[in-house]
Each structure stands twice: as structure tokens, then as C-alpha cells.
Amino acid sequence: MGRETAGARLRGVLVIACGNTLRGDDGAGPETGELLAAELEGTGAEVIVVDQLLPELALDASRSARVVFVDAAADLPPGSVSVRPVNPGKDAPGDGGAESPNSASRVPGAARRSLDPFSHGIGPEDVLRLARDLYAAEPDAVLVSVGAESFEPGDGLSATVRRAIPAAVRAAVRAAEEGAGTASRDDA
Amino acid sequence: MADNTIVIEPVTRIEGHAKITIQLDEAGKVADAHFHVTQFRGFERISQGRMLHEMPSLMARICGICPVSHMVASAKACDEILGVTVPPVGVLLRRVLNLAQIVQSHSLSFFYLSSPDLLLGFESDPALRNLVGVAQQAPELARDGVALRRFGQRIIERLGGKRVHPAWVVPGGVSRPLDAEQRASILEEIPDARARAHRTLEWFKANVATWADEAAHLGEFPSLHMGLVHESGNAAYSDGLLRVVDGNGWVLADGVDPRNYWDYLGETVEPWSYLKSTYFKPLGYPAGIYRVGPLARLNVVERLGTPAADAELAEYRERLGRYPSSSFHYHYARLIEIVHCIDMIDEILSDPDILNPHVRARAQVNRNEGVGVSEAPRGVLIHHYRVDDDGVVQWVNLVIATGHNNLAMNRSVLQTARHYVHGAEVKEGMLNRVEAVIRCYDPCLSCSTHAVGQMPLTVDIRDAEGALIRQVSR
């Protein structure tokens, strides 16, 4: 994948790579994001690398035609890379009817409290929902996920995840160029 | 878990992880309550063996929300160990970064974490009681919050090179001077930020009567207040001397060099939390309870030092008294500080000398111990290091703003629980108010939990009447 020396073939594309570099494989997002910043230089795409997704990213997203989120995932086989479309949720956060882990326990009965997605960062769907609700913008969006092996405190990726980074970069570049893609898996 | 204990876990819409336990008596009334911090970070131990020059960058990674505060305090501790005087423009640039940090952190606290309660109601549907709900009900308020956060973040990014964990603050000053283009771009955004801050403050003042019951019961108790004050009596967020006042304005300590904090502040650890409790030594533990952060800062200073903010401060004091004591008023104080910090950033950057290229002093280790203190968004932050002659870190003590407030947060939780929680029927809104009092303090628990070593654990074995018959400790 060569660098563009001029033009803006990916103008309007925003890459948001997130993760905590002090939590093991959670650093996969930032690691991928830094590589993407170099890879996409000169293409017109913007790359943002953050510790966690926060509401102000909705403003950046609202100014983009296409958003590519990059993050580590706990629910994928370590070292695998998946791409799936992301949409702003229609329901309020926490809806779904499942019992919330945030229950208050007491006797008698129990006071059920919904999961609040803003207690420590938000998800890609929430960023898009805010972009829609605050700025009337609905960019296309995908999430590139890298299956993580460990989120234990520590600086550095596991060998398994480190080997997956080039595949994550390729997937993110493809997603940036192709738009919101269908779900796919690409084991590194 | 006893049948008459209510547990709120996790506490929502705060930074970090904690739980609250409320102990009911047999009649269903609140007998006791505690705020437990359940996460552990251990930076005091992780730092040992590191080189001095690494410390500001390492300390910035304590927290993704307030990294700048740690960088500034850390760099100041390093400055003392090097024995340098930071060039005046280096001091000012660090100050601008710290002020931007306060703007973005206060905005996160108010708009993202607390405004859902204030706008939608403490007993509103919890599924919507978040920023999404605010965006649907009051989109302009939500947009103002997003914009103010972004304003602060963009300053940090422009000065520091990245919006999270910028590495620009270094021992001796900052790593590079400000250029004219950066300065112009920041100044260009100030009018919009200022307008949004004032608009939000006007909205809050127009609605503050709505929350009279919360103001009366969310942490309304007398305590000491502590903060940094400039020798002029103005607020001092990056430099200054410590002042401690009581609830009537009596000064218990003044002009204290923060490097001598150990003379005035003690720390202790309770078995039910990873968060250390700090207290004012002359009054002992736990009588030496005090508060830091926006409420305390506005109590200890005579004025802020910028006209618009001082006008707001005068109105605040007219409404609430000279020394407000309800923790609910942290929200009001926070909004005034946003106005002040924006005006201070404007004032500092408008001076042409801010482009001066001399921003860093360099030296080797000249002392083996250094203390750096600054006002983080949540209150006084202290970094205390000891190094060997090669600059290898031997020992670190961090006194975090949220730790200063631990006793006050626990007292607030108990007071709030006693007023709102009634054992016969526990409603979600009751529990939300107990959480809400914690949110007044805007604790950053990621920052706060560092002491490493054995987690003191005591098991009390009590008989049916509650008498202690055996105690086991490790």
C-alpha cells in the first residue's frame, strides 16, 4: 500500500483508534492507529488515537462521511481481526430486558438499575448516536476489532496480538477505502 | 453479605471503580454507609527504579482524563531535584496547559456525568439518565459540553502534541516553545468557548432553586477547606501557597509552602477501601476532615483574578454565603472555574512574550528529594519523590485530590443515605442520589489508588449485641 503524495482520495474518512496502552492488548487500538496515521498520510483521512471513546468525538464524527473505529476485543479469538458495520442504537442505552449487572441487592426484593454507558467511556454506537442527535449527522461506520489475549496491567502487546497488527492495519485501510463493510473475519 | 445491607456497585457516572455499602438497622434506617474504592493502580511502586526524566511522562499515564495535572506536579518535583528555576515563559505555558486541563475535566464532570441528574431529574428513567438523554432533551446544553471539552482538549493537543498523555511538560520547563500559529488558533476559539461557558452558568443559576433539597442534603456539613492561593489572595492553580480555612472562614494555616505538606497533612488507610484518607494533622484523624477542589478553592481565595469570573464569584457568595458548605455547590463552583480558566488562558496567550523561545532550564541531579504541587481539577495534587545521585527513583508518595476528599465523601454518603434511603422501600432514585453526592466531588479513582503493599484487612467478630469479641488482622 503506497502513500499518496497529493490529492484527497480519502477525504471525509475519520479513523478513531482507542485503547489503554497500559492494559496489555488493549493497546492494540493505539498501536494500529499510529501505524494508520503514517499509512494514510496524504490521503485526506484523519486519524485520532485516544485512550477511550468520549462524547466529544461525536463532533469529529459528524464532520466525516465515514468513520472507522479500531479497538481490541475480549470476545474474539486472540489474534483474529474482524470488521463489522456500526450503527447508532435506536433504543436507549441499557435497553434489552436483560438483568443489569448494576443491580442493587437488598432484602426484600431488588432495585434494578440500568447499565449506564457513560460511567467509563462509551461505545462506537454511542458516538454515532450523539453525532445524529446533536449534529444531525449519520456517517457510515465500521468497527475493526482485534481479538485480545490479555488486558492485564502492563506495557506492551502479547506476541499473538502483535502479529495481528499488520492485518488490522490492512483491514482498517480497506474499510476506509470501501466504506461500511459486511462482517468478516481474518485470522492473523 | 448481611440481609440488611444495600450495595451499589458499580457507582455509575464517575471516573474509576467504586462501591457504596449502606448498613440498615433492624428498623430499616440507615445505620452506616461507606464509599469503597475497588480499583488499584500502584503507581507509587511502579515508579521505583525509573529514571527521574521519565517521571512526568510516566505519571501522565496514571489517568486518561487528567494526565496534565500529573505531568505538571511531577515536573515540579523534578525541577526541585534538579535545582532549576523554570524560565518565566515555561512557567506560563505549563499554566496554560493546566488551565486547559481544568476546562476539559470540569466540562466532562458537569456535562457528561452530572447534568443528566440535574436536567432530567434524579429519579428519572435511568436508561435515559445519561448524555444521550441530555442530547435528546436539551441538545444545546449537550453541544456546549462537547464543545467545551473539545476546546480544552485541542489546547492540550496543540501544545502537547497529543490530546491524551502529551509529553511536552518536562523537568525544567517544556520541551518546545509556542509558535505564532498555535497561539492564534487557540485565541480564535476563545470567544466561542467563553460564550458557551457563560450560557451554561446562566442556565444553572436559573435552575438552581430546583435542587434546593439536594443542596441541603448532599454533603451539607461543616469542614475545613484547602487550596493553593497566590500571595495576592487570587486563585493559583499552578503555583501558590497552601491555605486552610474552616467553615466560618477562620484561617487555620496560611502561606504554607506546599513542600512542607507533611507538617499539616496525615494519611491513613482504612480496610474497606484502596483509597487513602487524608486529614489535617493539627486536628487529628478523623476530626481533621477537609475538602479540596472547586468548592474549597472558592472558599480559600479572596478572588479569582479575572473580572467576569469575579463577578460570578460575587453573585455565588451573595446567593450561598461567603463559605458555602454543601458539596452540591461543587457544580456551581466548577462552572465559575471554567469561566475563569478560559479568561486566564486568553490573558496569558495575549501577551506577545508568550512566544519567547526560552522555555526550559537543564541540569543534573542536585538534590535527592523534591515535591511538586499543583491544583488539579479535583483539588490539590502532590507528587513527592526521592532519588539517588544518579536520578534513579527510590521512593514516591502521591497525595491525590480525590484522596483529600475521601473522608468528606464518606461523610456525604452517610448523610445522603440517611436522608434519602428508607429501608421499607428502596427506590432507584434514592440510590442515585447517594451516587450523585459522590459525583459532586468528581472523584478520579484511576488517579487515586496507588499505595502498594499489603491491603490492611481487619476482621471484627462481634456478638449479637455488636460487642467485639475477637479481631484478626494482617
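These numbers come from a predicted model, not from an experiment.

Moving on to the overall build of chain A. A tally of helices and strands in chain A yields four helices and eight strands. Ordered by position from the N terminus, the helices and strands of chain A form the series β-α-β-α-β-β-β-β-α-β-α-β. In chain A, buried positions account for 48% of the 188 residues.

Let's shift gears to the overall build of chain B. Assigned secondary structure in chain B consists of 15 helices and 16 strands. Across the 474 residues in chain B, those meeting the buried criterion constitute 54%. A separation threshold of at least 6 residues defines the contact pool for chain B, and within that pool the share at least 24 residues apart is 71%.

The next point concerns the sheet that holds strand 11 (residues 290-291) of chain B. Residues and elements named next belong to chain B. One open sheet holds the four strands; their spatial order is 8-7-6-11, and the pairing between them is mixed. Looking at which strands have only one partner, the edges of the open sheet turn out to be strand 8 (251-256) and strand 11. Bridge count between strand 6 (residues 224-229) and strand 7 (residues 241-245): five bridges; the pairing is antiparallel. The partner of V229 across the bridge, within strand 7, is L241.

So, about the nonpolar core. By size, the foremost hydrophobic cluster in this structure holds 182 residues, and its most contacted members are V15(A), V68(A), V144(A) and A172(A). With 14 residues, helix 4 (residues 88-120) of chain B is the single largest residue contributor to this core. Each residue touching A172(A), except ones within four places of it in the same chain, is listed here: V15(A), T32(A), L36(A), V68(A), V70(A) and V144(A).

So, about the confidence of the model for chain A. Residues and elements named next belong to chain A. On average, residues of chain A score 79 in pLDDT, and 74% of them are at 70 or above. Note that pLDDT drops below 50 for residues 1-5; the model gives that stretch eight contacts with residues more than four away or on any other chain. Across residues 91-120, where pLDDT falls below 50, the model places 66 contacts with residues more than four positions away in sequence or in other chains.

It is worth spelling out helix 10 (residues 307-320) of chain B at this point. Quick reminder: α-helices carry 3.6 residues per turn. Residues three or four places apart thus point the same way. All names here are of chain B. In this model, helix 10 (14 residues) spans 20 Å end to end at C-alpha, consistent with the 20 Å of a helix rising 1.5 Å per residue. If you follow the buried residues of helix 10, they end up packed against helix 7 (180-207), helix 9 (294-300) and helix 11 (330-349). Looking one or two places after helix 10, you find G321, whose phi comes out positive at around 95°.

With that settled, consider the confidence of the model for chain B. For chain B, the average pLDDT comes to 86, and 86% of its residues sit at 70 or higher. Residue range residues 469-474 of chain B is modelled with pLDDT below 50. Its contacts to residues more than four positions away, or to other chains, number eleven contacts.

All names here are of chain A. Mapped onto the secondary structure, A136 falls in the loop between helix 3 (124-135) and strand 7 (140-147). For A136, a count of 9 C-beta atoms within 10 Å translates into the label exposed. In this structure the C-alpha to C-alpha distance between A136 and S62, which are 74 residues apart in sequence, comes to 7.7 Å.

Here the focus is the packing of helix 3 (residues 67-82) of chain B against helix 4 of chain B. The angle between the axes and the distance between the axes are what describe a pair of packed helices. Residues and elements named next belong to chain B. Running from N to C, helix 3 and helix 4 cross one another at 150°; their axes reach a closest spacing of 8 Å. Considering their axes alone, helix 3 and helix 4 lie roughly antiparallel with respect to each other. Where helix 3 crosses over helix 4, the two elements pack in a sense that is left-handed. Each of V68, S69 and V72 in helix 3 lies in contact with helix 4, whose residues at this interface are R94, L97, N98 and Q101. The class makeup of the residues in the contact of helix 3 with helix 4 is three nonpolar, three polar and one charged.

Residue and element names in this part refer to chain B. Counted residue by residue, strand 13 (residues 379-387) has eight buried out of nine residues, so it is predominantly covered. Between the antiparallel neighbours strand 12 (residues 369-376) and strand 13 lie two residues. Looking at chain direction, strand 13 and strand 14 (residues 393-399) are connected through six bridges and run antiparallel. By the bridge assignment for strand 14, R386 is matched with W395. Between strand 13 and strand 14, which pair antiparallel and follow one another directly, the connecting turn spans five residues, one of which, G391, has a positive phi of 85°.

Moving on, we come to unusual backbone geometry. For the bond from Y285(B) to P286(B), the omega torsion is 5°, close enough to zero to count as cis. Along the chain, P286(B) turns up in the loop between strand 10 (277-280) and strand 11. With phi around 50°, A136(A) is a residue other than glycine that occupies positive phi space. One non-glycine residue with positive phi stands out, namely D442(B), at about 50°.

The rules we used
- Residues numbered from 1 in each chain as written.
- Chains lettered and ligands numbered in written order.
- Predicted model: local features only at pLDDT ≥ 70, side-chain atom pairs only at ≥ 80, totals over all residues.
- Helix = DSSP H or I, 4+ residues; strand = E, 2+ residues; numbered from the N terminus.
- Buried ≥ 20, exposed ≤ 12 C-beta atoms within 10 Å, placed from the backbone.
- Contact = placed C-beta atoms within 7 Å.
- Pairing = 2+ DSSP bridges.
- Core = buried A, V, L, I, M, F, W, Y, C linked by C-beta atoms within 7 Å.
- pLDDT = per-residue confidence, 0-100.
- Expected span 1.5 Å × (residues − 1).
- Axes fitted to C-alpha atoms, helices over the stretch in contact; angles between N-to-C directions.
- Parallel < 35°, antiparallel > 145°, perpendicular 65-115°, else oblique.
- Left-handed = near helix turned anticlockwise from the far one by under 90°.
- Nonpolar A, V, L, I, M, F, W, Y, C, P; charged D, E, K, R; others polar.

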